[in-house]
Amino acid sequence: MLTAAEWEIVLLSLQVGGAALLVTLPIAFALAWLLARTTFPGKILLDAAIHLPLVVPPVVTGWLLLLAFAPAGPLGRLLEQTFGISVLFRWTGAAIAAGIMALPLMVRAIRLSLEAVDRRLEGAARTLGASPARVFRTITLPLALPGVLAGTVLGFARALGEFGATITFVSNVPGQTQTLPLAIYSALQQPGGDAMVLRLSAISVALSLAALVASELLARRAGRGVHVL
Amino acid sequence: MSFEIRLRKRLGDRDIALDLAAGAGATILFGPSGAGKTSVLNMVAGLLRPDAGTIRVAGETLFDASAGIDLPPERRRAGYVFQDARLFPHLRVRDNLRYAFPGRPLDLARIAFLGIDQLLDRWPRALSGGEARRVAIGRALLSDPAFLLLDEPLSSLDAARREEISVAIEHLRDVARLPILMVTHDAGEARRLGMRIVPMDA
């Protein structure tokens, strides 16, 4: 049904989305923990900053990423000097853009699931002799896990759909940065590209729908106090 | 002395103050709700920090504000039975009981008097209130506690269950000989289980 070139686009999208998640998940978890469990001056500013990618025009996010990762930009120079690499026009850059755009959704979901964990259970575990690290591993994390997974799946769906920041930041390079939405955009510009647009759009909708259903099921499990593992 | 507690704590707009020196057996904190009885248990367990004072149990100093001693809860060896049981919802009864020592085989003989052998494979959400409380007592006992903290252990149970749990507490007091600090607002309960009764006013 899909041509070989179209399959490659799908696989590239999954690769970009997967890499974005891998990098973003630990960061999102740490930020969610800070917001859910600690108080510090400027917390509301951090909270707002994390949510920026949700409301700023994606093209602005992409432009800021471009400034940061350009050869003369702070992060671009660092990567160039330390590893001799650049993420511009590369799938890694697309993954960074997708990760940034997925971050707020993931932080929100993980934060909610951490806030929903009954702290009194953690206290009970401590009185039974468990260190804070063991409490985290055996109580907090398992209880928050459905919400964390729901947030991760949602973030993955968001990463797959990323368009504006990606095309601004790393352009639309077939085989490197041309993920599903960018390929659809390109096909729309081509005469006779309608069939391809239709097929790729169908794939996009199917992937998003599957992710949303999975996320919703996980979130419901969390709400019922039923646990995944 | 099993419990030597002198403490002060300001919580919101009320002051909790207690001065208590108790020998062996069961000591009852008795008073109306809002008197801060549960807060006292939390402070002895290390879940709440007093503003000032000392807490010594069975000769060991758990908290001493002026000496800067504040043992974390996991080192206090409190067997705390919460009023709401606080079983871990994602673990079966068996794993709740083994939580303190996951590597140890489950010592059912030690908690046989609780009658929970039939419940081991159940999830906490499938337990009745009385069952959950008995499992909570078993879980606390299997953590090798140096003393017990019981928060309203008989509340919201029917007469038959109250009798069961009362017998279990008497067993702990007289056979296991664990120092017990227990909270109640029920005078009959206090008279039956307590060797001494410490009134606390709101």
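Residues numbered from 1 in each chain as written. Chains lettered and ligands numbered in written order. Predicted model: local features only at pLDDT ≥ 70, side-chain atom pairs only at ≥ 80, totals over all residues. Heavy atoms only, no water.

K.L.:
Looking at this structure, I do not really get the sheet that holds strand S2 (residues 14-22) of chain B. What am I missing?
P.N.:
For sheets, the rule is that strands pair by backbone hydrogen bonds, running either parallel or antiparallel. Residue and element names in this part refer to chain B. With antiparallel pairing, five strands are arranged side by side in an open sheet as S2-S1-S4-S5-S6. Each having just a single partner strand, S2 and strand S6 (69-70) make up the two edges of the open sheet. Sheet topology note: the strand S1 (residues 3-11)/strand S4 (residues 52-57) ladder contains six bridges and is antiparallel. If you follow Leu-7 over to S4, its bridge partner there is Gly-53. On the sheet, helix H1 (residues 37-45) packs against S1, S2, S4 and strand S5 (60-64) and is oriented at approximately 65 degrees with respect to S2. (Pairing = 2+ DSSP bridges. Helix = DSSP H or I, 4+ residues; strand = E, 2+ residues; numbered from the N terminus. Contact = heavy atoms within 4.5 Å. Axes fitted to C-alpha atoms, helices over the stretch in contact; angles between N-to-C directions.)

K.L.:
I would appreciate a short explanation of the UniProt feature "domain: ABC transmembrane type-1" (unreviewed entry) in chain A in the present structure.
P.N.:
UniProt's feature table lists "domain: ABC transmembrane type-1" (unreviewed entry) at residues 10-218 of chain A, given in the numbering used throughout. Between the end C-alpha atoms of residues 10-218 of chain A the distance is 25 Å, and the span holds 81% helix and 0% strand. (UniProt positions renumbered as here; feature names shortened; annotations may be inferred.)

K.L.:
What exactly am I supposed to notice about helix H3 (residues 58-69) of chain A here?
P.N.:
Because each turn of an α-helix spans 3.6 residues, side chains separated by three or four positions end up pointing in the same direction. Residue and element names in this part refer to chain A. Look at H3: 16 Å from first C-alpha to last across 12 residues, which is about the 16 Å you get at 1.5 Å a residue. Looking at H3, one finds that the buried residues are Thr-61, Gly-62, Leu-65, Ala-68 and Phe-69. All buried residues of H3 project into a common sector of 120 degrees when viewed along the axis, lining one side. Where the residues of H3 are buried, they touch helix H2 (43-55), helix H4 (74-83), helix H5 (91-115) and helix H8 (164-170). (Expected span 1.5 Å × (residues − 1). Buried < 20%, exposed > 50% of the residue type's maximum accessible area, 1.4 Å probe, protein only. Arc of directions from axis to C-beta.)

K.L.:
Can you walk me through the environment of Ala-165 of chain A in this structure?
P.N.:
Within the secondary structure, Ala-165 of chain A sits in helix H8. Ignoring sequence-local partners within four residues, the contact set of Ala-165 of chain A consists of Pro-58, Thr-61, Gly-62, Ala-97 and Met-101 of chain A.

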